[in-house]
Amino acid sequence: MAFIPIMLNLTGKKCLVIGGGKVAARKLKYFVNKADVTVIAKNISKEIKNTKGVMYIEKEYSPGDLEGFDVVIITTNDKKLNEKIHHEAKKKKILTNNATSKIFCEFIMPAIIEYKGYTISISTNGENPKKVKQLKEKIKKFLEGLDV
Ligand SMILES: C[C@@]1(CC(=O)O)c2cc3[nH]c(cc4nc(cc5[nH]c(cc(n2)[C@H]1CCC(=O)O)[C@@](C)(CC(=O)O)[C@@H]5CCC(=O)O)C(CC(=O)O)=C4CCC(=O)O)c(CCC(=O)O)c3CC(=O)O
Ligand SMILES: NC(=O)C1=CN([C@@H]2O[C@H](COP(=O)(O)OP(=O)(O)OC[C@H]3O[C@@H](n4cnc5c(N)ncnc54)[C@H](O)[C@@H]3O)[C@@H](O)[C@H]2O)C=CC1
């Protein structure tokens, strides 16, 4: 794997989140009010259902669901299914992010800090998300004392 950080223009993009649990709830926040967001999952959490600007369909995933989407965020708790969705999306040239595999996805999500008009993103190139979270908290504290 070889990653570089880029900024994705979400204006006018159609984004599908598959899976409706805790990870889906966190990841869809990056996309909501920027892209057009739809969630598909067998069970969708109250938090997601109550998120303004999100369309949702409570059902099991089926391959036709990907039609018309530009970006797919794959967050079910079934690793094999997530891989399968990635392969189907790749054939259709749809960008994928996969919460259960740094290999079977087209992009990974960094941790993000929004600070005075800057966007700071932190990544370990997929190696250690827990450490990313820890560094994010340290950088946030550091920024509090900074006069930019
Ligand atoms: C490759 C990547 C793909 C992607 O998801 O984009 C990925 C993959 C995986 N994460 C896993 C676990 C956890 N990830 C987190 C948290 C975050 N993970 C994020 C990104 C990424 N995670 C991408 C790489 C980022 C990079 O380093 O460059 C963050 C930064 C952004 C975000 O997703 O929001 C967000 C912090 C955001 C913030 O705090 O702001 C936590 C902690 C928690 O949830 O609290 C845990 C539990 C850890 C524990 O407890 O041990 C597993 C094992 C899953 C399993 O066991 O099945 C995989 C699968 C694998 O490694 O292959
Ligand atoms: N990449 C990341 O940042 C992280 C990834 N994870 C991993 O991500 C996965 C999801 O975690 P959570 O959201 O906490 O799980 P969860 O159990 O809260 O949610 C799983 C969701 O997948 C849906 N689902 C399962 N099978 C489905 C199917 N066939 N069709 C449609 N929807 C289906 C369920 O209905 C549910 O909405 C887990 O495997 C977890 O280990 C966990 C923490 C962080």
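The residue count restarts for each chain, going from 1 along the sequence in the order it is written. Both sets of labels track the order of writing: A upward for chains, 1 upward for ligands. Per-residue local features are limited, in this predicted model, to residues with pLDDT of at least 70; the limit for side-chain atom pairs, both in listing and counting, is 80 or more; totals at the level of whole chains, interfaces and linings are taken over all residues. Side-chain numbers here rest on the full set of heavy atoms in the structure, without hydrogens or water.

**Q** How should the site of ligand 1 be read in this particular structure?
**A** The criterion for a residue being near a molecule or strand is simple. One of its heavy atoms has to lie within 4 Å of it. Not every one of the 22 residues close to ligand 1 is listed here, only the nearest: Lys27, Tyr30, Ser123, Thr124 and Lys136. By the criterion applied in these results, polar contacts are pairs of N or O atoms within 3.5 Å in which, for protein atoms, one can donate a hydrogen and the other can accept it, and in which residues neighboring in sequence qualify only through two side-chain atoms. Measuring from an oxygen atom of ligand 1, one finds a backbone N or O atom of Gly126 at 3.1 Å. For every accessible area listed, the method is Shrake-Rupley and the probe measures 1.4 Å; residues are considered covered only by the protein chains on display. Within the complex, the protein chains bury 69% of what would otherwise be the 1100 Å² of accessible surface of ligand 1. The way it works is that DSSP assigns letters per residue, a run of H or I at least four long becomes a helix, a run of E at least two long becomes a strand, and they are numbered from the N terminus. Taken together, the elements giving at least two residues each to the shell around ligand 1 come down to helix H1 (22-31), strand E5 (95-98) and helix H4 (129-144). Top element by residues in the shell around ligand 1 is H4. It accounts for five residues. Each of domain 1 (14-98) and domain 2 (111-144) accounts for three or more of the residues forming the shell around ligand 1. All domain edges in this entry derive from an automatic or database-based domain assignment.

**Q** Got a minute to help me understand the pairing of strand E1 (residues 14-18) in this structure?
**A** Put simply, side chains in a regular strand alternate between the two faces of the sheet. For the exposure calls, accessible area comes from a 1.4 Å probe over protein chains only, and a residue counts as buried if that area is under 20% of its type's maximum, exposed if over 50%, partly exposed in between. Of all five residues in E1, four are buried; the element is thus mostly enclosed. If DSSP finds at least two bridges between two strands, the strands pair. Pairing geometry for E1 and strand E2 (residues 36-41), over five bridges, is parallel. When the sheet's bridge partners are listed, Leu16 is paired in E2 with Thr38. Viewed along the sheet, the connection from E1 through H1 into E2 turns out right-handed. The path from the first strand over the helix to the second decides the hand: if it runs clockwise while the strands point away from the viewer, the crossover is right-handed.

**Q** Honestly, the site of ligand 2 in this entry has me stumped. Any pointers?
**A** Surrounding ligand 2, one finds 18 residues, the nearest of these being Gly20, Val23, Arg26, Asn43 and Tyr61. Side-chain polar atom of Arg26 to an oxygen atom of ligand 2: 2.6 Å apart, as the coordinates give it. Lys42 places a main-chain nitrogen or oxygen 3.1 Å from a nitrogen atom of ligand 2. Coverage of ligand 2 by the protein chains reaches 71% of its 870 Å² of free accessible surface. The site holding ligand 2 turns out to be the second largest pocket. No other element matches the three residues that H1 contributes to the shell around ligand 2. Residues of the shell around ligand 2, tallied by class, amount to five nonpolar, eight polar and five charged. In this analysis, the protein atoms alone were mapped onto a 1 Å grid. Cavities are point sets where a 1.4 Å probe fits without being able to get out; pockets are open sets with protein on both sides within 12 Å along at least five of seven lines; lining residues have an atom within 4 Å of a point. The rule for placing a molecule in a cavity or pocket is simple: more than half of its atoms must lie within 2 Å of the grid points. Here the nonpolar group is Ala, Val, Leu, Ile, Met, Phe, Trp, Tyr, Cys and Pro; Asp, Glu, Lys and Arg are the charged ones; every other residue, Gly included, is treated as polar.

**Q** Just to check I follow, could you spell out the side chain of Asp65 for this structure?
**A** Examined against the element boundaries, Asp65 turns out to sit in the loop between strand E3 (54-58) and strand E4 (71-74). Side chain to side chain, Asp65 and Lys59 meet in a polar contact 2.7 Å long.

**Q** I'm lost on the packing of aromatic side chains in this one. Help?
**A** What characterises a pair of aromatic rings is the spacing of the ring centres plus the angle enclosed by the ring planes. Centres within 6.5 Å are what make two rings of Phe, Tyr or Trp a pair, Trp counting through its six-membered ring; a difference in plane orientation under 30 degrees is then read as stacked, over 60 as edge-to-face, and the rest as tilted. Summed over all chains, the structure comprises zero aromatic pairs. By definition, being over a ring means that NZ of Lys or CZ of Arg is both within 6 Å of the ring centre and within 35 degrees of the ring normal. The residue whose ring lies beneath Lys14 is Phe69, and the NZ or CZ to ring-centre distance is 5.5 Å.

**Q** Would you mind going over helix H3 (residues 79-91) with me for this structure?
**A** For an α-helix the count is 3.6 residues per turn, leaving residues at separations of three or four pointing the same way. How far a helix is expected to stretch is found by multiplying one less than its residue total by 1.5 Å. The terminal C-alpha atoms of H3, which comprises 13 residues, lie 19 Å apart, in line with the 18 Å expected from a rise of 1.5 Å per residue. The complete set of buried residues in H3 reads Asn82, Glu83, Ile85, His86, Glu88 and Ala89. Pairs of residues are marked as contacts when any of their non-hydrogen atoms sit within 4.5 Å. Elements that come into contact with the buried residues of H3 comprise E1, E4 and E5. The positive-phi residue at the C-terminal boundary of H3 is Lys93, with phi of around 60°.

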